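Observations on the model geometry
Below are the chains, spelled out letter by letter.
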Amino acid sequence: MKEIIKHITPEKIYKKRREFIKLGAGALLSSALIKSKLMALDFKSDENLGELKITNEKFATNYVNFYEFSTDKRKAVEYAKNFNTKDWTIELSGEIEKPLVLSMEDLLKFPLEERIYRFRCVEAWSMVVPWVGFELRHLIEKAKPNKNAKFVKFTTLFDKNQFPDQNAIFPTLKYPYVEALRMDEALHPLTLMAVGMYKKPLQGQNGAPVRLVVPWKYGFKSIKSIVKIEFLKEQPKTTWELYAPNEYGFYANVNPEVSHPRWSQENERVLGSFSVQETLLFNGYEKEVSSLYAGMDLKINF
């Protein structure tokens, strides 16, 4: 009897153990920190007043472009399964009050909300995704940029141990992946820093643990797995601009009247269905963002 009592777990320890199991052994990882925040539904839900038909999650999470893993969409998903985001931080620098380093805990303190957005790829396919994140402008306000800051540059993680294409003899792109926005674009209320989708943390193939979402631009502008944000005086060159400047412009605004040199952008294939629909200017967000480009020739500034 004494031997049996000796091996009974004390109630206090048992409860802690149960809580640990509930959270999962990965609770020390940033993805689990996000999960804790999201699973508690600590974000404002999108009422979907636009009545957008949300894409089935399996399509949104299994048909992806993340070249760092692979140019093959299915392989990218497979390689991303063990993506490690432990101790993730984002470095902020440039034309700001002082350099900052933010942890995922810091990022999750911003007001989270769900945003159901259209997503249009330059490859002429589209989907509708319920993201969870915070407006980028909140982070910009925390960084306190000075009057010289005209552009915001974003950089993806560079890690040859985790990204096969970065470790290739002949990488597909020049890494690390870089994107940028004009300051007024970055400050726009639609511009989101996403930490989740479908009410769950981002998976590796979707840009864990934090990515940009700019719904009126082609998907390649919505850079994934961000580790650095710089505030600059001059417009930086972005990854796809450098790769093929005649095909991928800095602005990358969705525009059915400006064809890609190798295909039309007038229509788009909807993931998960056989339907093809007409592409909308600014991906359907013309009312909200057209004023940002007043007076610009959108065919030249593509």
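Predicted model only: the values in this text are computed from it and were never measured.

1. Some remarks on the pairing of strand β4 (residues 125-135)
Put simply, side chains in a regular strand alternate between the two faces of the sheet. Burial analysis of β4 places eleven of its eleven residues in the buried class, which makes it a mostly covered element. Relative to β4, strand β3 (residues 113-120) runs antiparallel, the two sharing eight bridges. When the sheet's bridge partners are listed, Y117 is paired in β4 with V129. Where β3 folds back on β4, the antiparallel hairpin that results is connected by four residues, among which A124 adopts a positive phi of roughly 75°. Here β4 runs beside strand β11 (residues 267-270); their pairing, made up of two bridges, is parallel. Directly across from W125, in β11, lies its bridge partner R269.

2. Some words on the packing of aromatic side chains
Within this structure, the stated rule accounts for 20 aromatic pairs. On the basis of an interplanar angle of 75° and a centroid distance of 5.0 Å, the ring pair of W240 and Y243 is categorised as edge-to-face. Separated by three residues within a single helix, W240 and Y243 lie in helix α9 (residues 239-243), roughly one turn from each other. Consider the rings of Y251 and Y293, whose centres lie 6.0 Å apart with planes at 85°: the pair is edge-to-face.

3. Re the pattern of salt bridges
The tally for this structure, following the rule as stated, stands at 15 salt bridges. Of the charged contacts, one joins E230 and K153 as a salt bridge, the two residues approaching to 3.9 Å between their closest N and O atoms. Taken together, the residues span a long stretch of sequence, with E230 in strand β10 (residues 226-232) and K153 in strand β5 (residues 151-156) at a distance of 77 residues. Accessibility expressed as a relative area gives 17% for E230, which makes it buried. Through salt bridges with shared partners, a single ionic network connects E113, R115, E135, R137 and E141.

4. A short note on the side chain of E179
Positionally, E179 belongs in strand β6 (residues 178-182). For E179, a relative accessible area of 0% puts it in the buried group. Among the polar contacts listed, one links the side chain of E179 to the side chain of K221, at a separation of 2.7 Å. With near-sequence residues (within four places) excluded, E179 lies in contact with V152, K153, F154, F220, K221, I223 and T238.

5. Thoughts on the confidence of the model for the chain
Scored by pLDDT, the chain comes out at a mean of 90, with 89% of its residues at no less than 70. Confidence drops under pLDDT 50 across residues 1-28; counting only partners more than four residues distant or on other chains, this segment forms six contacts.

6. A word on the nonpolar core
Counting residues in each nonpolar core, the largest one holds 82 residues, and the members touching the most others are L92, W131, L139, M193, I229 and F231. Take this core: its biggest share by element is six residues, from β4. If near-sequence neighbours (up to four positions away) are discounted, I229 is found in contact with I90, E91, L92, S93, L139, V152, K153, F154 and M193.

7. Looking at unusual backbone geometry
Residue P176 is bonded to the preceding Y175 through a cis peptide linkage, with omega at 0°. Within the fold, P176 resides in the loop between β5 and β6. Between A208 and P209 the backbone carries a cis peptide bond, its omega angle lying at -5°. In this structure, P209 sits in the loop between β8 (200-201) and β9 (211-213). Backbone geometry at N48 places phi at a positive 50°, although glycine is not the residue there. Relative to the helices and strands, N48 is located in the loop between α3 (30-39) and α4 (57-60). Positive phi outside glycine occurs at K199, with the angle close to 65°. The residue K199 is located in the loop between β7 (192-197) and β8 in this model. Note on K199: relative accessible area 35%, which makes it partly exposed.

8. Topic: the sheet that holds β6
Overall, mixed pairing links the five strands, which are arranged β2-β1-β10-β5-β6 in an open sheet. Of all the strands in the sheet, just β2 (100-103) and β6 have a single pairing partner and so form its edges. Going across the sheet, the axis of each strand differs from the next one's by a mean of 20°, ignoring polarity. Looking at chain direction, β5 and β10 are connected through six bridges and run antiparallel. In the strand pairing of β10, T155 is matched with K228.

9. Describing the side chain of N283
For N283, the position within the fold is in the loop between β12 (276-278) and α10 (286-289). The buried category is assigned to N283, whose relative accessible area is 2%. Polar side-chain contacts of N283 include one of 3.3 Å to the backbone oxygen of R118. Those residues in contact with N283 that lie beyond four places of it in its chain are R118, F119, R120, P215, W216 and V254.

Here is what the cut-offs are and how they apply
Residues numbered from 1 in each chain as written. Predicted model: local features only at pLDDT ≥ 70, side-chain atom pairs only at ≥ 80, totals over all residues. Heavy atoms only, no water. Buried < 20%, exposed > 50% of the residue type's maximum accessible area, 1.4 Å probe, protein only. Helix = DSSP H or I, 4+ residues; strand = E, 2+ residues; numbered from the N terminus. Pairing = 2+ DSSP bridges. Phe/Tyr/Trp six-rings, centres within 6.5 Å; stacked < 30°, edge-to-face > 60°. Salt bridge = Lys/Arg side-chain N within 4 Å of Asp/Glu carboxyl O. Polar contact = N/O pair within 3.5 Å; in protein donor to acceptor, adjacent residues only side chain to side chain. Contact = heavy atoms within 4.5 Å. pLDDT = per-residue confidence, 0-100. Core = buried A, V, L, I, M, F, W, Y, C linked by side-chain atoms within 4.5 Å. Axes fitted to C-alpha atoms, helices over the stretch in contact; angles between N-to-C directions.

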